[in-house]
Amino acid sequence: MDVIYSIDSHIPFKKALPIGLQHVLVMFVANITPIIILAGILDFSPEFKANLVQNAMLIAGIGTFIQLYPLWRIGSRLPIVMGVSFTFLSVAIGVSTSLGYGTMLCAIIIGGIVEGLIGLFAKYWVRFITPVVAATIVTAIGFSLLPIGANSFAGGEGAADFGSAQNLIVGTVTLVSCLIFRIFTKGFYQAVSFFFGLIVGYILSIFMGMVDFSVLKGCKIFALPMIPMLSPDFHLQFDLGAVLSFIVIFLVSATETIGDTTVVVTSGLNREPSSKEISGALACDGFISSISGILGCTPITSFSQNAGLMKVTGVFNRNAIGVGAAIMILAGLFPAFGALLCTVPQCVLGGCTIMMFGSIIMAGIEMLARCEFNSHNTTVITLSLAVGIGFPQANGLFDIFPQMVQEVFAQNSVAIVFVIALITDSVHRPKYNRKQL
């Protein structure tokens, strides 16, 4: 067997570099987009936005390294690639716009610690996240993100040129480019179809005069990461509703990580993941997310697209993936790189992400298809999706509830789906079979 297909074999750098680089290319659009969208909504300065992108790349590299090479019981010792999660974007936007950026960071730090501690004791509770619950949650995540992708497609919520012909043209060209690359290519090139689409859309936006390169002026070649909470402009503030909102979504994110870990182990090692591997993966998810909050970013989680890429290529070598983690860390230490990424217009990101969010829905549907459609599972799926997606669309439905309940559920369809699915499934839980994940 070639060393690149063995999980622990030493691999020459000349082979590890392209493998690691392709994993960075597959994930980097999804890794930076939540930060760019959030920073755009909060109207941060281009310099501050560039610093956040720099930190996002850095924390993704650190999180991936710890998954590959654990610290104590934190990390799975599996080729799991970490990055800033879309799952938290909706609640991050809600908390930061209503209660402030410092309140959001405080909730992330506390929520991450809670998930990390829960992860260390995963063997006691993981049986409650049955396949039908996990599949329903992933499907809900995809649906909850579609409005965010649509707003970016039109130029970004609150933009002066929102919905302009220029934005729609660039967004459409980007989307069509992603589709073309995905349909007419195979293997690695198909896996990075989002990246190719972004390049096409970005070049078009440059020719249409939509890109401002002034942010690159004065950028340092090398700089240590920025810590927003040390700035006098931001102060950590505790809010119980915000903390509970993030804890709920951390639990949702944990189900995704369980699924990704299962895919990696069953595909690469032809066995089921051990409780130790699940525990280490979740602990890394939580504790590194707290560090992400300290660096001003939203939480990180395992990336399904990278697990999918490994499944396609058959390359599960930890040391090769480690080279990719090193590339992410180096990118995070060079601010000019982050500043360049921030020049990508919102409509280009929307053209990429609208398809990416659709693929999350498809992943959820595939997971649902692997579940038996008996009376119990059908009830869990239909009730949780109907209530979770439908109720937040009815303005004022949660007005009679306490403020804390409104903050957790009023605009958070994923949290509602998670709670309803968990309760409904618990009424009469089928025998748990992790293989269905």
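Reading guide: rules and limits
- Residues numbered from 1 in each chain as written.
- Predicted model: local features only at pLDDT ≥ 70, side-chain atom pairs only at ≥ 80, totals over all residues.
- Heavy atoms only, no water.
- Helix = DSSP H or I, 4+ residues; strand = E, 2+ residues; numbered from the N terminus.
- Rg over C-alpha atoms; globule rule 2.2 N^0.38 Å.
- Areas by Shrake-Rupley, 256 points an atom, 1.4 Å probe, with all protein chains shown as cover.
- Lys, Arg positive; Asp, Glu negative; His and termini not counted.
- Charge placed at Lys NZ, Arg CZ, Asp CG, Glu CD.
- Core = buried A, V, L, I, M, F, W, Y, C linked by side-chain atoms within 4.5 Å.
- Buried < 20%, exposed > 50% of the residue type's maximum accessible area, 1.4 Å probe, protein only.
- Contact = heavy atoms within 4.5 Å.
- Expected span 1.5 Å × (residues − 1).
- Bend = angle between axes of the 7 residues up to and from the residue.
- Polar contact = N/O pair within 3.5 Å; in protein donor to acceptor, adjacent residues only side chain to side chain.
- Axes fitted to C-alpha atoms, helices over the stretch in contact; angles between N-to-C directions.
- Parallel < 35°, antiparallel > 145°, perpendicular 65-115°, else oblique.
- Left-handed = near helix turned anticlockwise from the far one by under 90°.
- Nonpolar A, V, L, I, M, F, W, Y, C, P; charged D, E, K, R; others polar.
- pLDDT = per-residue confidence, 0-100.
- Phe/Tyr/Trp six-rings, centres within 6.5 Å; stacked < 30°, edge-to-face > 60°.
- Disulfide = S-S within 2.5 Å.
- Patch = residues over 30% accessible without salt bridge, like charges linked within 9 Å, V, L, I, M, F, W, Y side chains within 5 Å.
- Salt bridge = Lys/Arg side-chain N within 4 Å of Asp/Glu carboxyl O.

**Brief notes about the overall build of the protein chain**
Part 1 of the reasoning: Within the protein chain, the regular secondary structure consists of 17 helices and two strands.
Part 2 of the reasoning: The C-alpha atoms of the protein chain give 21 Å as radius of gyration, which agrees with the globular expectation for 437 residues (22 Å, within 12%).
Part 3 of the reasoning: The principal-axis extents of the C-alpha atoms in the protein chain amount to approximately 60 × 60 × 45 Å.
Part 4 of the reasoning: A total accessible area of about 17,800 Å² is found for the protein chain, and carbon and sulfur atoms account for 67% of it.
Part 5 of the reasoning: Where the 20 positive side-chain charges of the protein chain centre and where its 20 negative ones centre are 15 Å apart.

**Some words on the nonpolar core**
Part 1 of the reasoning: One finds F28, L52, L89, Y101, M104, F246 and M328 to be the most contacted residues of the largest nonpolar core, which totals 127 residues.
Part 2 of the reasoning: If you tally residues by element for this core, the top one is helix 1 (residues 13-41), at 12 residues.
Part 3 of the reasoning: Discounting residues that sit within four places of it in the chain, Y101 has contacts with L42, F44, F48, L52, S96, P228, F234 and G296.

**Structural notes on the side chain of Q67**
Part 1 of the reasoning: With respect to the helices and strands, the residue Q67 is situated in helix 2 (residues 46-68).
Part 2 of the reasoning: Beyond its immediate chain neighbours, meaning those up to four positions away, Q67 contacts G75, S76, R77, L78, I80, M82, G280, A281 and C284.

**A word on helix 14 (residues 346-369)**
Part 1 of the reasoning: Between the first and last C-alpha of helix 14 there are 34 Å, a value that for 24 residues agrees with the 34 Å anticipated at 1.5 Å per step.
Part 2 of the reasoning: Roughly 25 degrees is the biggest bend found in helix 14, and it falls at T353.

**Re unusual backbone geometry**
Part 1 of the reasoning: Non-glycine residue D43 carries a positive phi angle of around 60 degrees.
Part 2 of the reasoning: Structurally, the position occupied by D43 is in the loop between helix 1 and helix 2.
Part 3 of the reasoning: Phi angles above zero are rare outside glycine, and R77 is one such case at about 65 degrees.
Part 4 of the reasoning: When you line up the elements, R77 lands in the loop between helix 2 and strand 1 (82-84).

**Considering the side chain of T261**
Part 1 of the reasoning: Secondary-structure assignment places T261 in helix 9 (residues 240-268).
Part 2 of the reasoning: One polar contact links the side chain of T261 to the main-chain carbonyl oxygen of T257, over a distance of 2.7 Å.
Part 3 of the reasoning: For T261, the residues in contact, after removing those within four places along its chain, are L78, I80, P273, I278 and A281.

**Some points on the packing of helix 2 against helix 12 (residues 318-332)**
Part 1 of the reasoning: It is at 7 Å that the axes of helix 2 and helix 12 come closest, and there the two elements cross at 155 degrees. The pairing of helix 2 with helix 12 is recorded here as roughly antiparallel in orientation. The crossing of helix 2 and helix 12 is left-handed. On helix 12, the residues touching Q54, M57, L58, A60, G61, I62, T64, F65 and L68 of helix 2 are R318, I321, G322, A325, A326, M328, I329, A331 and G332.
Part 2 of the reasoning: Of the residues assigned to the contact of helix 2 with helix 12, the class counts are 12 nonpolar, five polar and one charged.

**Re helix 1**
Part 1 of the reasoning: Between its first and last C-alpha atoms helix 1 spans 41 Å; for 29 residues at 1.5 Å apiece the expected length is 42 Å, and the two agree.
Part 2 of the reasoning: At the C-terminal side of helix 1, D43 shows a positive phi close to 60 degrees.

**A closer look at the confidence of the model for the protein chain**
Part 1 of the reasoning: Of the residues in the protein chain, 93% have a pLDDT of 70 or more, and the chain-wide mean is 84.
Part 2 of the reasoning: Low pLDDT, under 50, characterises residues 432-437; the stretch is placed with 23 contacts to residues that sit more than four places away or in other chains.

**A few points about the packing of aromatic side chains**
Part 1 of the reasoning: All chains considered together, the criterion is met by 10 aromatic pairs.
Part 2 of the reasoning: Arranged with centres 6.0 Å apart and planes meeting at 35 degrees, the rings of F65 and Y69 form a pair that is tilted.
Part 3 of the reasoning: Given a relative accessible area of 31%, Y69 falls into the partly exposed group.
Part 4 of the reasoning: Counting every residue linked through ring pairs, the aromatic cluster contains F44, F48 and Y101.

**Brief notes about the state of the cysteines**
Part 1 of the reasoning: Under the defined criterion, the tally for this structure stands at zero disulfides.
Part 2 of the reasoning: With no disulfide of its own, C106 lies 16 Å from the sulfur of C297, the closest cysteine sulfur.
Part 3 of the reasoning: For C106, a relative accessible area of 11% translates into the label buried.
Part 4 of the reasoning: With no disulfide of its own, C284 has C297 as its nearest cysteine by sulfur position, at a separation of 15 Å.
Part 5 of the reasoning: Relative accessible area serves as the criterion here: at 0%, C284 is assigned to the buried category.

**Regarding a nonpolar patch on the surface**
Part 1 of the reasoning: A cluster of nonpolar side chains, I221, F222, L224, L330, F334 and F337, forms an exposed patch at the surface whose accessible area comes to about 640 Å².
Part 2 of the reasoning: Mapping L330 onto the fold places it in helix 12.

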